[in-house]
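Chains, contacts and geometry: an overview
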Amino acid sequence: MPRQPFQVLIFLYRVTPNGNVRYAVFRRSDLGAWQGLAGGGEGDETPEAAARREALEEAGISQDLLRLNTVGRVSVDHFSDRVSWDPELKEIPEYGFAVQVTSDRLVLSDEHSGYAWLDFDAALHRLEWDTNRALLRELHHRLTGATS
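All of these numbers come straight from a predicted model, not from anything done at the bench.

Focus: the overall build of the chain
- Secondary structure assignment for the chain yields three helices and seven strands.
- Along its sequence from the N terminus, the chain presents helices and strands in the succession β-β-β-β-α-β-β-β-α-α.
- Over its C-alpha atoms the chain spans a radius of gyration of 15 Å, differing by no more than 12% from the 15 Å that the globule rule assigns to 148 residues.
- Viewed in the frame of its principal axes, the chain has a C-alpha envelope of about 50 × 30 × 30 Å.

Details of the side chain of Glu 94
- Looking at the element boundaries, Glu 94 is found in strand β6 (residues 91–100).
- It turns out Glu 94 is buried and unbridged, and the closest side chain with the opposite charge, Arg 3, is 7.7 Å from it.
- Here the side chain of Glu 94 touches Thr 131 through a polar contact of 2.6 Å, side chain to side chain.
- In contact with Glu 94, not counting residues within four places along its chain, are Gln 7, Leu 9, Thr 70, Val 71, Gly 72, Val 74, Thr 131, Asn 132 and Leu 135.

Quick notes on helix α1 (residues 47–59)
- Across its 13 residues, α1 extends 18 Å between first and last C-alpha, which sits within 8% of the 18 Å expected from 1.5 Å per residue.
- Along α1, the residues that are buried comprise Pro 47, Ala 50, Ala 51, Arg 53, Glu 54, Ala 55, Glu 58 and Ala 59.
- Buried residues along α1 sit in contact with β1 (7–15), β4 (37–40), β6 and β7 (112–118).

Side note on the nonpolar core
- Of all hydrophobic cores here, the largest spans 19 residues; its most connected members are Phe 11, Tyr 13, Tyr 23, Val 25, Ala 123, Leu 136 and Leu 139.
- For this core, the elements supplying multiple residues, two or more each, are β1, β2 (21–28), β7, α2 (120–126) and α3 (130–144).
- Ranked by size, the runner-up nonpolar core spans 18 residues in total, among them Leu 37, Ala 51, Ala 55 and Tyr 95.

Here's the deal with the pattern of salt bridges
- Under the counting rule described, the total for this entry stands at nine salt bridges.
- Residues Arg 67 and Glu 48 are paired through a salt bridge, measuring 2.3 Å at the closest nitrogen-oxygen approach. With Arg 67 in strand β5 (residues 66–75) and Glu 48 in helix α1, the pair connects residues that are 19 residues apart, well separated along the chain.
- Note on Glu 48: relative accessible area 27%, which makes it partly exposed.

Topic: the layout of surface pockets
- In this structure, the largest pocket spans a volume of roughly 670 Å³.
- Residue assignment for the lining of the largest pocket shows that the elements contributing at least two residues are β1, β4, α1, β5 and α3.
- If you tally residues by element for the lining of the largest pocket, the top one is α1, at four residues.
- In terms of residue class, the lining of the largest pocket is built from six nonpolar, ten polar and twelve charged.

What about the environment of Gln 4?
- On the secondary structure map, Gln 4 appears in the segment before β1.
- Sequence separation between Gln 4 and Leu 136 is 132 residues, and the spatial gap between their C-alpha atoms is 24 Å.
- Non-local contacts of Gln 4, meaning those with residues more than four positions away in its chain, are made with Gly 41, Glu 42, Gly 43, Asp 44, Glu 45 and Trp 85.
- Here Glu 45 takes part through its backbone oxygen, which lies 2.9 Å from a polar atom of the side chain of Gln 4.

Reading guide: rules and limits
- Residues numbered from 1 in each chain as written.
- Predicted model: local features only at pLDDT ≥ 70, side-chain atom pairs only at ≥ 80, totals over all residues.
- Heavy atoms only, no water.
- Helix = DSSP H or I, 4+ residues; strand = E, 2+ residues; numbered from the N terminus.
- Rg over C-alpha atoms; globule rule 2.2 N^0.38 Å.
- Buried < 20%, exposed > 50% of the residue type's maximum accessible area, 1.4 Å probe, protein only.
- Lys, Arg positive; Asp, Glu negative; His and termini not counted.
- Salt bridge = Lys/Arg side-chain N within 4 Å of Asp/Glu carboxyl O.
- Polar contact = N/O pair within 3.5 Å; in protein donor to acceptor, adjacent residues only side chain to side chain.
- Contact = heavy atoms within 4.5 Å.
- Expected span 1.5 Å × (residues − 1).
- Core = buried A, V, L, I, M, F, W, Y, C linked by side-chain atoms within 4.5 Å.
- 1 Å grid on protein atoms, 1.4 Å probe; cavity = no way out; pocket = protein on both sides within 12 Å on 5 of 7 lines; lining within 4 Å.
- Points joined across faces, edges and corners; volume = space filled by probe spheres on them.
- Nonpolar A, V, L, I, M, F, W, Y, C, P; charged D, E, K, R; others polar.

Structure (structure tokens):
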């Protein structure tokens, strides 16, 4: 069954004992690019259900999700399943989510070759795609009130 024409992006974050926020970024095994956890909907999944599944599959995380308001747009050219989508479709929405975790240790799937816990500025500069950066900016603002 082909994936649905939407993408989800999940940022994990934790608050350190001294009150600083750290964000997890993940290195993709196939491209070497750094990003949040990402994936698409399967079957009749909603974006929320897809995000919960992806967080569990890719990092062993099952906590509640925070839905972000920013919706990115990703070219269909990045997805092999585009052949089953409407040929007029040029971009798909990328819905953002966040999960607060308490441990800095994660169990990764084979989709990622590593991860790093970074402060906002370092995470922002490490991320490969603009949509990831836009979603991280919203999350950081919601958590700290700081603007970037």
